[in-house]
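Fold and contact review
Spelled out from the first residue to the last, the chains are:
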There are 2 protein chains.
Amino acid sequence: MVNRSCIIRLSRYRNALIRLKALNFVKVFSENLADAARVTAVQVRKDFSLFGICGNRRGGYLIDELIAQTSAILGKDKVQKFIVVGIGNIGRALLNYPGFRRSEIEIVAGFDVNPAKCDKEALIPILPFEEMGDFVAQNGITFGIISVPDSAAQEVLERMLEAGIKGILNFAPICLKEPKDHVVRNLNLETELENIIYFANFAEQTERE
Amino acid sequence: MVNRSCIIRLSRYRNALIRLKALNFVKVFSENLADAARVTAVQVRKDFSLFGICGNRRGGYLIDELIAQTSAILGKDKVQKFIVVGIGNIGRALLNYPGFRRSEIEIVAGFDVNPAKCDKEALIPILPFEEMGDFVAQNGITFGIISVPDSAAQEVLERMLEAGIKGILNFAPICLKEPKDHVVRNLNLETELENIIYFANFAEQTERE
């Protein structure tokens, strides 16, 4: 069964493979990828076999083949287009984030209800929110990011789904429901930091005991 | 056993409680919190009992008490101070993110190796990276965020640990190892989007079948 954690590990293996290829490596062993992704070598082999990727345990895996195979699974064999709705601090950082381009992820437009934030002439245009539906339909967009305030998030989600968006990453600090046959992942920065605070405090307590 | 998912749910319950209190609610039922956090009511009661929080199933929980109890668990009873190392797009968005203040999370300083990015007079000062160790020691900082390029992330992590930082959120697109008695959470935006791409494509396939 392919779950979220498995796909996260696959992304990490692929990242490591690209770095190894840049160092002129030709072959890689499950132990190398295990080190890079902070898991066991058994886990690496189990993950690959889940997707029908076979290696020769003695000879290792060929890096070029592995990159091609993991890229196909992760949809990296073509550029995946995203829109961003809500051009506040997070939305703007996402528009300007250079990491996506090398990951075959392209943010093609931003949308905002505030006309003062719109800029049709920008490298990545920022358009009025009411044009979102037409833009998604005309450009065949499948993916979106929500970075609006919490009070607007549910309505924005519904409008994105109506427009035909299939997968959404939600940064608004509210937990949106995942509709059937769609993917909605809630990523709350406060919650992430609260987690770190809790477990760091807990680690301190166990030290003291 | 308290795990990451459990603390994420606790954060979500607390967020919902604060919204309900703002609507003048006095009591809440596990079913209400279950709806807000997208889990079952049984899960809500199980999570609370794990922390010794008891409700009256018929009468529900008192919102004020629940907020106080969950706040204490999540370290919300005092302001938690963070530093940000690496003032690129993500680092700058974090410095300017208004959501943290209402979550008792305060970003007190940013650090960067590039002198052109430093600004000691800013509302949240941006200081040279070499001053990080002294700043952390003098101000008793426990938490940090890494938003540097991948090639610098491991060294930055080590310097932060030496300085006394206990809990770290890492945005650099490389998987950092979690040392004993410390918390290091790797949050890779590309990986998050790859996950959405994979499962949205997978949902499309299952529709077609």
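Up top you'll find the structure we're talking about.
Presented here is an overview of the structure given in this document. Going along each chain's sequence as written, the residues are numbered from 1 onward. Working convention: letters from A go to chains and numbers from 1 go to ligands, in the order in which they are written. At least 70 in pLDDT is required for a residue's local features to be given in this predicted model, at least 80 for side-chain atom pairs to be given and counted, and no such filter applies to totals for whole chains, interfaces and linings, which use all residues. Think of the side-chain values as coming from all heavy atoms in the structure, minus any hydrogens and water.

Some words on the overall build of chain A
Elements are defined by DSSP. Helices are runs of H or I of four residues or more, strands are runs of E of two residues or more, and each kind is numbered from the N terminus. Within chain A, the secondary structure is distributed over eight helices and eight strands. If you line up chain A on its principal axes, its C-alpha atoms span 60 × 50 × 35 Å. Only protein chains enter the accessibility calculation, which uses a 1.4 Å probe; a residue whose area is less than 20% of its type maximum is buried, one above 50% is exposed, and one in between is partly exposed. Scored against the burial criterion, the 209 residues of chain A give a buried share of 53%. Across chain A, contacts joining residues at least 24 apart in sequence account for 55% of those joining residues at least 6 apart. Throughout, a contact is declared for two residues whenever any of their heavy atoms are within 4.5 Å.

Describing the sheet that holds strand β4 (residues 105-112) of chain A
Residue and element names in this part refer to chain A. In short, DSSP must find at least two bridges between two strands for them to pair. Sheet architecture is open: six strands sit in the order β5-β4-β3-β6-β7-β8, paired in parallel fashion. Sheet topology places β5 (126-128) and β8 (183-186) at the edges, where each strand pairs with a single neighbour. With direction set aside, neighbouring strand axes in the sheet form an average angle of 25°. Pairing of strand β3 (residues 80-85) with β4 involves six bridges; the strand directions are parallel. Within β4, the position partnered with Gln-80 by the bridge is Ile-105. Lines are fitted to the C-alpha atoms to define the axes, a helix being fitted only along its stretch in contact, and any angle between axes, read from their N-to-C directions, falls within 0 to 180 degrees.

Considerations on unusual backbone geometry
Not every positive phi belongs to a glycine, and A:Glu104 is a case in point at roughly 60°. Topologically, A:Glu104 is positioned in the loop between α5 (89-96) and β4.

Some thoughts on the environment of B:Phe48
Residues and elements named next belong to chain B. Turning to its location among the elements, Phe-48 is positioned in helix α3 (residues 41-50). With 21 residues separating them along the chain, Phe-48 and Gln-69 place their C-alpha atoms 9.6 Å apart. With residues near it in sequence (within four places) discarded, Phe-48 still touches Leu-10, Tyr-13, Leu-33, Ile-53, Tyr-61, Leu-66 and Thr-70.

What about the packing of helix α1 (residues 4-22) of chain B against helix α4 (residues 63-73) of chain B?
All names here are of chain B. Closest axis-to-axis distance for the α1/α4 pair is 10 Å, and the angle between their directions is 145°. The element α1 and its partner α4 pack so that their crossing is left-handed. In this structure, α1 uses Leu-10, Arg-14, Leu-17, Ile-18, Leu-20 and Lys-21 to contact α4, whose residues at the interface are Ile-63, Asp-64, Leu-66, Ile-67, Thr-70, Ser-71 and Ile-73. Under this grouping Gly is polar, as are all residues other than the nonpolar Ala, Val, Leu, Ile, Met, Phe, Trp, Tyr, Cys and Pro and the charged Asp, Glu, Lys and Arg. The residue inventory of the contact of α1 with α4, partitioned by class, reads eight nonpolar, two polar and three charged. In this scheme, a crossing is called left-handed if the near helix is turned counterclockwise away from the far one by less than a right angle; it is called right-handed if the turn is clockwise.

Section: the environment of B:Ala153
All names here are of chain B. Structurally, the position occupied by Ala-153 is in helix α7 (residues 150-163). Looking at Ala-153, the relative accessible area reads 0%, which means it is buried. It is 9.1 Å that separates the C-alpha atoms of Ala-153 and Phe-171, two residues lying 18 residues apart in sequence. Apart from the residues within four sequence positions on either side, Ala-153 is in contact with Ile-146, Val-148, Ala-172, Ile-174 and Leu-176.

Some remarks on the packing of aromatic side chains
Aromatic contacts are taken between Phe, Tyr and Trp rings whose centres are within 6.5 Å, Trp giving its six-membered ring; a plane angle under 30 degrees counts as stacked, one over 60 as edge-to-face, and the others as tilted. Scanning the model with the defined rule gives 14 aromatic pairs over all chains in all. Summarising the aromatic geometry, the rings of A:Tyr198 and B:Phe51 are spaced 6.3 Å apart at their centres and angled 90° between planes, so their arrangement reads as edge-to-face. Here A:Tyr198, found in helix α8 (residues 189-208), pairs with B:Phe51, found in the loop between α3 and β2 (61-62), and the two come from separate chains. Classification of A:Tyr198 as buried rests on a relative accessible area of 11%. Taken together, a centroid distance of 5.0 Å and an interplanar angle of 90° make the contact between B:Tyr198 and B:Phe199 edge-to-face. One exposure class covers both B:Tyr198 and B:Phe199, and it is buried. Taken together through their ring pairs, the aromatic side chains of A:Tyr13, A:Phe48 and A:Tyr61 make up a single cluster.

Some points on the relation of the copies chain B and chain A
With an RMSD of 0.0 Å, the fit of chain B onto chain A corresponds to turning through 180° and sliding 0.0 Å along the axis. This pairing of chains is accounted for by a two-fold axis. Closest approach to the rotation axis within chain B is made by the C-alpha atom of B:Ala93, at a distance of 3.0 Å. The residues that chain B uses at the interface reappear at the interface of chain A in 100% of cases, marking a shared surface. In superposing the copies, a least-squares fit is computed on C-alpha atoms, taking residues whose pLDDT is at least 70 in both.

A short note on the pairing of strand β8 (residues 183-186) of chain B
Regular strands have side chains that alternate between both faces of the sheet. Residue and element names in this part refer to chain B. The alternating pattern of β8 places Val-183 and Arg-185 on one face and Val-184 and Asn-186 on the opposite face, and all of these are buried. Of the pairings in the sheet, the one linking strand β7 (residues 167-170) to β8 comprises four bridges and is parallel in character. Paired with Asn-170 across the two strands is Asn-186, which belongs to β8.

Describing helix α6 (residues 132-139) of chain A
All names here are of chain A. Within α6 the residues assigned to the buried category are Met-132, Phe-135 and Val-136. The buried residues of α6 occupy an angular sector of 95° when the element is viewed end-on, so they sit on one face. Structural note: α6 exposes Asp-134, Ala-137 and Gln-138 on the side pointing more than 90 degrees away from its buried face. Turning to α6, the residues buried within the fold contact β3, β4, β5 and α7 (150-163). Of the residues flanking the end of α6, it is Gly-140, one or two places downstream, whose phi is positive at about 55°. Directions drawn from the helix axis to the C-beta atoms are what define this arc.

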